[in-house]
Amino acid sequence: MTRIHPTAIIGDGVQIADDVIVGAYCVLEGDIVIGPGCELKSHVVIAGRTTIGRGNTIFPFASIGHVPQDLKYHGEPSRLEIGDNNRIREHVTINPGTEGGGMLTKVGSNCLLMVGSHVGHDCLIGDNVILANNATVAGHCVIEEFAILGGLSAVHQFVRIGAHAFLGGMSGLENDLIPFGTAVGDRASLQGLNLVGLKRRGFDREQIHGVRKAYRMLFATEGTLQERMHDVEEEFGADVCVQRILEFIRASSHRALCLPDGR
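Residues numbered from 1 in each chain as written. Predicted model: local features only at pLDDT ≥ 70, side-chain atom pairs only at ≥ 80, totals over all residues. Heavy atoms only, no water.

Quick word on helix α2 (residues 205-218)
Between its first and last C-alpha atoms α2 spans 20 Å; for 14 residues at 1.5 Å apiece the expected length is 20 Å, and the two agree. Burial in α2 covers these residues: Ile208, Gly210, Val211, Ala214, Tyr215 and Leu218. Buried residues of α2 fall within an arc of 160° about the axis and therefore sit on the same side. Seen from the open side of α2, the exposed residues pointing more than 90 degrees away from its buried face are Arg205, Glu206 and His209. Tucked inside the fold, the buried residues of α2 contact β26 (189-193), α1 (195-200), α3 (225-235) and α4 (240-250). Measuring from the side-chain oxygen of the N-cap residue of α2 to the backbone nitrogen of glutamate 206 gives 3.2 Å; that N-cap residue is aspartate 204. (Helix = DSSP H or I, 4+ residues; strand = E, 2+ residues; numbered from the N terminus. Expected span 1.5 Å × (residues − 1). Buried < 20%, exposed > 50% of the residue type's maximum accessible area, 1.4 Å probe, protein only. Arc of directions from axis to C-beta. Contact = heavy atoms within 4.5 Å. Polar contact = N/O pair within 3.5 Å; in protein donor to acceptor, adjacent residues only side chain to side chain.)

Written out as structure tokens, the structure is:
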């Protein structure tokens, strides 16, 4: 049965599955749907048009679905969607979308959002993403599956981070980070590939070798990027991992590509 602490405040429009646990001093007010198996520890505040899937655990003082930190927001009925089996730790903030960005912020499933991390308006966060303590993601960003953002890192608005990429702690990322890439620095530059992450996630030796060779070709000093991409396409046309990188680079973006130092 649903367990709602007597100090919690639940608005009339809130829909809660039968086995949800709502801890002390939580406040839920808005067009909210919370799926089965969720637990709100205490002092959690959820607002707006927010849908939360199955099996999520939200820790004290998280603020979910409140008005975006965008001066252009004027009360439009934008939404926030959170998937399944996420762990949202203390003081996390997640804002809904805006009219200028598709009206939707979306967080996938099996993510870990550590203490004080922030997901801005109109962001699209994939599955199995980790935001370490106080990692902050500005509005309109796309973070693909299995990406990791280190503690105290900051991501500029409209930036894309590719699948299995790693952004080092205390780094500021202004440009798009390719899938499988690693970026570090005050104004982060591309430092190589997330080889540790690839090995941990079961990529085999042949796949890793292909990505490493393609990376060296793509970021060599000879020729233009378009010429180097053409050469990589010819050599690795059947390699799924390399194709993922090429598709990421070809996709339209508001930001430039994060490159190695001196490029």
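Regarding the pairing of β26
Most of β26 sits out of view: four of its five residues are buried. Of the strand pairs in this sheet, strand β25 (residues 181-184) and β26 are connected by four bridges, and their pairing is antiparallel. Residue pairing across strands places valine 184 opposite serine 189, the latter belonging to β26. Joining the antiparallel neighbours β25 and β26 is a turn of four residues, in which glycine 185 adopts a positive phi near 135°. (Pairing = 2+ DSSP bridges.)

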